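Observations on chain architecture
Single-letter residue listing:
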Amino acid sequence: MKPSASPRLYWLSALTAAALFMGGLREPASAAWFMVALWGAVILADGGVDLRRAGPWTALAAWSLLSALMNPAAGPEGLASSARYWAAAAFFVCAASTPGFDRFLRGLLLAAGSAGAAVLFYERLAGLAPSGILPPNPNYTAALAGAAAVLLFSGALSSSGRRRLLLAAWGLALAASLAALNSRGALLAAWVSSVWLLFSGGRRRAGAALLAAPFLAAFLLPQNWLDGLLKLSDPHAYRRLDIWRSALSAFADRPVSGWGPGAFRHAFELFKFPAFNGISFFGHSTVHAHSEPLQLLAETGLPGAAAYLWGFWYFFGRSVRPALAAASLFLFVQSAVDGIFMAWALQLLMLASLAAAGETPAGEARNSSLFFAEFSAERLARVLPAMAAAALAAGSWQWQARHAAGTACAYSGGAPRVRAECASSALRFSPYREGLHLARAEALAAWSGSAAAGAAAAEAGLESLPGSVFLHYRAAGFYISGGAAGRAEELLKKALYLEPNFVRARLSLAELYESSGRKGAASAERELAGKAAALAGSAVSPYDRELTSRGPLWKRTGATTASTRE
């Protein structure tokens, strides 16, 4: 008689499916609700979880918490990111010890991947901008379609007759959606995982042929095909390599502790690169290194990245279900060259595939109420760590809410003294937020009635953000008000070195030149400002629009200012 499914299978399956339908858990609010449901199920329905069974994933979670504590500037975001790693470790343990979860996961991957491929094909045929079923980034959907494709290829290799043809055709259709999207990361992941499937299944000749296929195609395909496939004609197609170099520079600066979980966006401000996009040079920002190993290397240092790589290969090497192992390998490879784990649900799917690919230990899926009379040291060891991890998540959310309130206070229309104090307090845990530095400088200048106080605050901000053109510009404005034209000219020239098409900086520099009798230089600056202002039509980002605007550079709220980059 077939054994009945455990209650854990039902709630774990429901949570896994919900993670995709909640926008891939990209937004903090959806991730928070997911963790509420996960920890509630783990503690109340399952009586806790033995986090030791997650091995390296628990080590990664523990180190992420230490990294957050060693980097107080990471603030509440650091603790929130660490809370995700703890939840991921618990999710992995539950997935690895739930009989029948592998069958559900196969169905979910096939359904989501097929739906995603259909949407990608439709968008391509209709001439729409691709977004997939997890907008805005179509690579999230490509990850689902690719993982499902290798799942089908594995099934085709172990089948025969019509079933093999059907599975192979289905897999090829999903793989074709990756080619239609021209997702280089997904195509690389499909190639690597397919080669592994062939070699691990004993099909060495076919594996060698597939391994050599891309290199052979590079010689045989027409040049224009290769240009399209590799996006060689797109000047921004390989900026990812520059982002990786920035991540390595951030790691070299803090090789052990990293910058703190979730803090890559701040580290990038110090190590970003000049990239001309038609208007701006240094105005690009990113929250992700577009590579999960490099992201962890920059944020949690060498110990965090090593725990992540160790965790994957440790459990991958112990897999007994090749199809799900191949799906996890696909997601791992794509995440190594793309920022798909910004959608946290995809990271959970990789962990779920990795866990379900292993052999489920007998008798692991225990379910009981948390409240019972009999005391058990083993039960206590399962419940207390889970409750501590849930408390960490709740505490980080509370801290985030308080921090957000303090930030809003800094941008409010209240008294200058209050705004200055709020900005100073918020900057203790967000020292790389340009808008807070600008708001603090404005508030201090208004409170003291001295342009020198504003200039000093703006210069202090430049110590944390030396690449901020707007802090250079605002500091120059304070110096002009205080009569220090020499220092103002230095700052405006630095701002224009960082962003040559910064219209208001050009006009301000022209005024300085004219006031000192350098009329020829002033005329040249005004001519360059006119040319830069003409680029306003191609300004697609708020940052670029600020550069080319002749109007107010900052949006005013009451008596203070806040950068539109916030």
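Residues numbered from 1 in each chain as written. Predicted model: local features only at pLDDT ≥ 70, side-chain atom pairs only at ≥ 80, totals over all residues. Heavy atoms only, no water.

1. A word on the overall build of the protein
Where we set the bar: Runs of H or I in DSSP of at least four residues are treated as helices and runs of E of at least two as strands, each being numbered from the N terminus. As a reference, a globule follows 2.2 Å times the number of residues to the power 0.38, and the radius of gyration itself is taken over C-alpha atoms. Each residue is placed in one exposure class: buried if its accessible area under a 1.4 Å probe, protein chains only, is under 20% of its type's maximum, exposed if it is over 50%, and partly exposed if it falls in between. Note on definitions: a residue-residue contact is assigned when non-hydrogen atoms from the two residues lie within 4.5 Å. Methods summary: accessible areas were calculated by the Shrake-Rupley approach with a probe of 1.4 Å, and residue burial reflects only the protein chains presented. For the purpose of charge, His is not counted, nor are the chain termini; Lys and Arg are scored as positive and Asp and Glu as negative. The atoms used to mark charge sites are NZ of Lys, CZ of Arg, CG of Asp and CD of Glu.
Secondary structure summary: the protein contains 24 helices and two strands in total. Radius of gyration (C-alpha) of the protein: 27 Å, near the 24 Å computed for a compact globule of 566 residues. Across its three principal directions, the C-alpha atoms of the protein cover 95 × 70 × 40 Å. Across the 566 residues in the protein, those meeting the buried criterion constitute 51%. Counting contacts in the protein only where the partners sit at least 6 residues apart, residues at least 24 apart contribute 71% of the total. Summing over all exposed atoms, the protein offers an accessible surface of approximately 24500 Å²; the carbon and sulfur share of this is 64%. Charged side chains of the protein number 49 positive and 33 negative; the gap between the two group centres comes to 6 Å.

2. Some points on the state of the cysteines
The following threshold applies: In what follows, a disulfide is any cysteine sulfur pair within 2.5 Å.
Taken as a whole and assessed by the stated rule, the structure comprises one disulfide. What pairs with Cys-409 in a disulfide is Cys-422, and their sulfur atoms sit 1.9 Å apart. Because the torsion about its S-S bond is 70 degrees, the bridge between Cys-409 and Cys-422 counts as right-handed. Of this pair, Cys-409 sits in helix α16 (residues 377-410) while Cys-422 sits in helix α17 (residues 416-427); the two residues are 13 residues apart in sequence, bridging distant segments of the chain.

3. So, the nonpolar core
Rules: Note on terminology: a nonpolar core comprises buried Ala, Val, Leu, Ile, Met, Phe, Trp, Tyr and Cys residues joined through side-chain atoms within 4.5 Å.
In terms of nonpolar packing, the biggest core is built from 156 residues, with Trp-39 and Trp-57 touching the most fellow members. For this core, the element with the highest residue contribution is helix α4 (residues 75-96), accounting for 14 residues. For Trp-57, the residues in contact, after removing those within four places along its chain, are Ala-89, Phe-92, Tyr-308, Gly-311, Phe-312, Phe-315, Met-350, Leu-351 and Leu-354. Counting residues in hydrophobic clusters, the runner-up holds nine residues, among them Cys-409, Tyr-411, Cys-422 and Ala-439.

4. A word on the pattern of salt bridges
Pairs can form between side chains of opposite charge once their charged atoms are near each other. Let me state the cut-off plainly: When a carboxyl oxygen of Asp or Glu lies within 4 Å of a side-chain nitrogen of Lys or Arg, that pair is called a salt bridge.
Under the definition given, this model contains 19 salt bridges. For Arg-239, the salt bridge identified is with Asp-242, shortest N-O distance 3.3 Å. Of this pair, Arg-239 and Asp-242 both sit in helix α11 (residues 239-253), three residues apart, which is roughly one turn of that helix. Accessibility expressed as a relative area gives 25% for Arg-239, which makes it partly exposed. For Lys-272, the salt bridge identified is with Glu-269, shortest N-O distance 3.2 Å. If you follow the salt bridges from partner to partner, you end up with Asp-50, Arg-52 and Arg-53 in one network.

5. Remarks on a nonpolar patch on the surface
Test applied: Only residues whose relative accessible area exceeds 30% and that take part in no salt bridge are eligible for patches, with like-charged residues grouped when within 9 Å of each other and nonpolar side chains (Val, Leu, Ile, Met, Phe, Trp, Tyr) grouped when within 5 Å.
A cluster of nonpolar side chains, Leu-66, Leu-69 and Met-70, forms an exposed patch at the surface whose accessible area comes to about 300 Å². For Leu-69, the location among the structural elements is in helix α3 (residues 56-70).

6. Regarding the packing of aromatic side chains
Note the cut-off: For Phe, Tyr and Trp, rings pair up if their centres lie within 6.5 Å, where Trp contributes its six-membered ring, and each pair is then called stacked (planes under 30 degrees apart), edge-to-face (over 60) or tilted (otherwise).
A complete count under the given rule lists 26 aromatic pairs for this structure. Relative to Phe-215, the ring of Trp-191 lies with its centre 6.2 Å away and its plane at 70 degrees, an arrangement referred to as edge-to-face. Taken together, the residues Trp-191 in helix α8 (residues 184-200) and Phe-215 in helix α9 (residues 204-220) connect sequence positions 24 residues apart. Judged by relative accessible area, which is 22%, Trp-191 ranks as partly exposed.

7. Things to note about the environment of Leu-105
Of note, Leu-105 is situated in helix α5 (residues 101-125). Residue class for Leu-105 comes out buried when judged on its relative accessible area of 0%. In this structure Leu-105 touches Thr-16, Leu-324, Leu-349, Ala-352, Ser-353 and Ala-356, once residues within four positions along its chain are discounted.

8. With respect to the packing of helix α2 (residues 28-45) against α4
Threshold: Axis lines are fitted through C-alpha atoms, for helices just across the contact stretch, and the angle between N-to-C directions can take any value from 0 to 180 degrees. Orientation categories follow fixed angle ranges, with anything under 35 degrees roughly parallel, anything over 145 roughly antiparallel, 65 to 115 roughly perpendicular, and all other angles oblique. Note on convention: near helix rotated counterclockwise from far helix by under a right angle means a left-handed crossing. Clockwise means right-handed. Here the term charged refers only to Asp, Glu, Lys and Arg, the term nonpolar to Ala, Val, Leu, Ile, Met, Phe, Trp, Tyr, Cys and Pro, and the term polar to all other amino acids, Gly among them.
Relative orientation of the contacting elements α2 and α4 amounts to 45 degrees, with a least axis distance of 11 Å. On the basis of their axis angle, the class for α2 and α4 is oblique. In the packing of α2 onto α4, the handedness of the crossing is left-handed. On α4, the residues that touch Pro-28, Ala-31, Phe-34, Met-35, Leu-38, Trp-39 and Val-42 of α2 are Ala-83, Arg-84, Trp-86, Ala-87, Ala-90, Phe-91 and Cys-94. Taken together, the residues of the contact of α2 with α4 sort by class into 13 nonpolar, no polar and one charged.

9. Things to note about unusual backbone geometry
Across the junction of Pro-135 and Pro-136, the peptide omega takes the value 10 degrees, indicating a cis bond. Along the chain, the position of Pro-136 falls in the loop between α5 and α6 (138-157). With a phi close to 60 degrees, His-290 is a non-glycine residue in the positive phi region.

10. Quick word on the environment of Leu-444
Within the secondary structure, Leu-444 is located in helix α18 (residues 434-448). Taking the C-alpha atoms as reference points, Leu-444 and Ala-505, separated by 61 residues in sequence, lie 23 Å from one another. The residues contacting Leu-444, other than those within four sequence positions of it, are Ala-420, Gly-449, Ala-453 and Ala-457.

11. Observations concerning α2
Note the cut-off: Multiply 1.5 Å by the residue count of a helix minus one, and that product is the helix's expected span.
The terminal C-alpha atoms of α2 lie 25 Å apart, and with 18 residues this matches the ideal 26 Å at 1.5 Å per residue to within 8%. Ser-30, Ala-31, Ala-32, Phe-34, Met-35, Leu-38, Trp-39, Ala-41, Val-42 and Ile-43 are the residues of α2 that are buried. On the buried face of α2, the contacting elements are α1 (7-21), α4, α15 (344-357) and α16. After α2 finishes, the residue Gly-47 shows a positive phi value of roughly 70 degrees.

12. Some remarks on the packing of helix α14 (residues 322-337) against α15
Between α14 and α15, the least distance of the axes is 8 Å, while the angle of their chain directions is 150 degrees. Between α14 and α15, the angle is such that the two are roughly antiparallel. Crossing geometry of α14 relative to α15 is assigned as left-handed. For the pair formed by α14 and α15, the contact residues are Leu-324, Ala-325, Ala-327, Ser-328, Leu-331 and Phe-332 on the first element and Leu-346, Leu-349, Met-350, Ser-353, Leu-354, Ala-356 and Ala-357 on the second. Partitioning the contact of α14 with α15 into residue classes produces 11 nonpolar, two polar and no charged.

13. Looking at the environment of Ala-148
Position of Ala-148 among the secondary structure elements: in helix α6. Owing to a relative accessible area of 0%, Ala-148 belongs among the buried residues under this scheme. Along the chain, Ala-148 and Phe-104 lie 44 residues apart, while their C-alpha atoms are 13 Å from each other. Apart from the residues lying within four places of it in its own chain, the contact partners of Ala-148 are Leu-109, Leu-110, Gly-113 and Leu-174.

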